[in-house]
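Residues per chain, in single letters:
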Amino acid sequence: RMIGLVGPGGTGKSWYAERLVDRLEKGPASFDGYFFWSSYYSNDALTGLDRALAYLDPEHSIPGNRIDRFRECLRRGHYLVVFDGIERFLKQTDHPDEGRGFTASATTFLNALIDPESQSTVLITSRLWPEMFNSSDPRILRVPMQLFTT
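Owing to the predicted nature of the structure, the values given are computational and were not obtained by experimental measurement. (Residues numbered from 1 in each chain as written. Predicted model: local features only at pLDDT ≥ 70, side-chain atom pairs only at ≥ 80, totals over all residues. Heavy atoms only, no water.)

Draft legend 1. Quick peek at the packing of helix H3 (residues 66-76) against helix H4 (residues 104-113). Relative to each other, H3 and H4 sit at 10°, their axes nearing to 9 Å. By the angle between their axes, H3 is roughly parallel relative to H4. Each of Ile67, Phe70, Arg71 and Leu74 in H3 lies in contact with H4, whose residues at this interface are Thr108, Phe109, Ala112 and Leu113. Taken together, the residues that form the contact of H3 with H4 break down as 6 nonpolar, 1 polar and 1 charged. (Axes fitted to C-alpha atoms, helices over the stretch in contact; angles between N-to-C directions. Helix = DSSP H or I, 4+ residues; strand = E, 2+ residues; numbered from the N terminus. Parallel < 35°, antiparallel > 145°, perpendicular 65-115°, else oblique. Contact = heavy atoms within 4.5 Å. Nonpolar A, V, L, I, M, F, W, Y, C, P; charged D, E, K, R; others polar.)

Set out below in structure tokens:
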């Protein structure tokens with residue numbers, strides 16, 4: 001499952017994502033683990049990916065490149081993985097609320113977040129909705145921040 005909190009800056013996307021992780025960590029263990037990374041502290045997708053892998057596969061037991069290892073971690077475990085500020089890896093399309101990956105690597109990373117074989121839940125926050133997430137797949141849920149602020 002992939003959930004996206006999407007809306008303009010300053011609407012509380014990061015705050016809601018952080019509160020969700022806080023509540024779930026303190027409640028009954030429904031996930032194998034929780035990972036939160038914000039692009040606002042490091043504007044580099046590889047940093048976020050490396051930190052996620054250090055948490056999800058600390059022994060480097062899964063072979064392959066970073067994306068393949070990340071995808072396999074999401075398939076093997078039942079994690080809540082939060083990537084805050086995904087818009088930093090997107091360039092705006094003709095639609096003002098959507099973006100596409102800046103690079104092929106960013107697009108590959110975004111595709112890993114919506115892998116249909118994943119057993120994990122991914123939560124993203126973004127000012128732009130990744131256009132590749134526009135599908136009828138019921139595992140992909142776009143949550144506009146207007147739902148929280150009206």
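Continuing now.
Draft legend 2. Inspection of the sheet that holds strand E7 (residues 129-130) at higher detail. One open sheet holds the 3 strands; their spatial order is E4-E5-E7, and the pairing between them is mixed. Edge positions in the sheet fall to strand E4 (90-92) and E7, since each has one partner strand and no second. Looking at chain direction, E4 and strand E5 (residues 98-101) are connected through 3 bridges and run antiparallel. Residue pairing for E5: Gln92 is matched across the bridge by Gly99. (Pairing = 2+ DSSP bridges.)

Draft legend 3. Representation of the environment of Ser38 within the structure. Looking at where Ser38 falls in the secondary structure, it is placed in strand E2 (residues 33-38). A C-alpha to C-alpha distance of 4.4 Å links Ser38 and Asp84, two positions 46 residues apart in sequence. Within polar-contact distance, the side chain of Ser38 engages the backbone nitrogen of Tyr40 at 3.2 Å. Reaching out from Ser38, the side chain makes a polar contact with the side chain of Asp84 at a distance of 3.0 Å. (Polar contact = N/O pair within 3.5 Å; in protein donor to acceptor, adjacent residues only side chain to side chain.)

Draft legend 4. Inspection of helix H1 (residues 13-26) at higher detail. Taking 1.5 Å per residue as the helical rise, H1 with its 14 residues ought to reach 20 Å, and the 20 Å between its terminal C-alpha atoms agrees with that figure. Those residues of H1 that sit buried are Lys13, Ala17 and Val21. For H1, the arc enclosing every buried residue in end-on projection is 65°, short of the 170-degree limit, so these residues lie on one face. In H1, the exposed positions that point more than 90 degrees away from the buried face belong to Arg23 and Lys26. Where the residues of H1 are buried, they touch strand E1 (2-6), E2, strand E3 (79-84) and strand E6 (121-126). (Expected span 1.5 Å × (residues − 1). Buried < 20%, exposed > 50% of the residue type's maximum accessible area, 1.4 Å probe, protein only. Arc of directions from axis to C-beta.)

Draft legend 5. View of the nonpolar core. Counting 31 residues, the largest nonpolar core has Phe70, Phe83, Phe109, Leu113 and Phe133 as the members making the most contacts within it. With 5 residues, the top contributor of residues to this core is H4. Excluding its chain neighbours within four sequence positions, the residues that come into contact with Phe83 are Phe35, Trp37, Gly48, Ala52, Phe70, Phe109, Leu113, Leu123, Ile124 and Thr125. One finds Leu5, Phe31, Leu123 and Val143 within the second-largest nonpolar core, a separate group that totals 10 residues. (Core = buried A, V, L, I, M, F, W, Y, C linked by side-chain atoms within 4.5 Å.)

Draft legend 6. The confidence of the model for the protein chain, seen in detail. Of all residues in the protein chain, 94% have pLDDT values of 70 or greater, and the mean over the chain is 89. Looking across the protein chain, the model is least confident in helix H5 (residues 146-149), with a mean pLDDT of 67, and most confident in H3, with 96. (pLDDT = per-residue confidence, 0-100.)

Draft legend 7. Representation of the sheet that holds E3. Strand order in the open sheet formed by 5 strands is E2-E3-E6-E1-E8, and the pairing between neighbours is parallel. Pairing within the sheet leaves two strands with one partner each, and these edge strands are E2 and strand E8 (140-144). Across the sheet, the axes of successive neighbouring strands diverge by a mean angle of 15°, strand direction being ignored. Judged from the 6 bridges that link them, E2 and E3 form a sheet pairing that is parallel. Opposite Phe36, over in E3, you have Val82 as the bridge partner.

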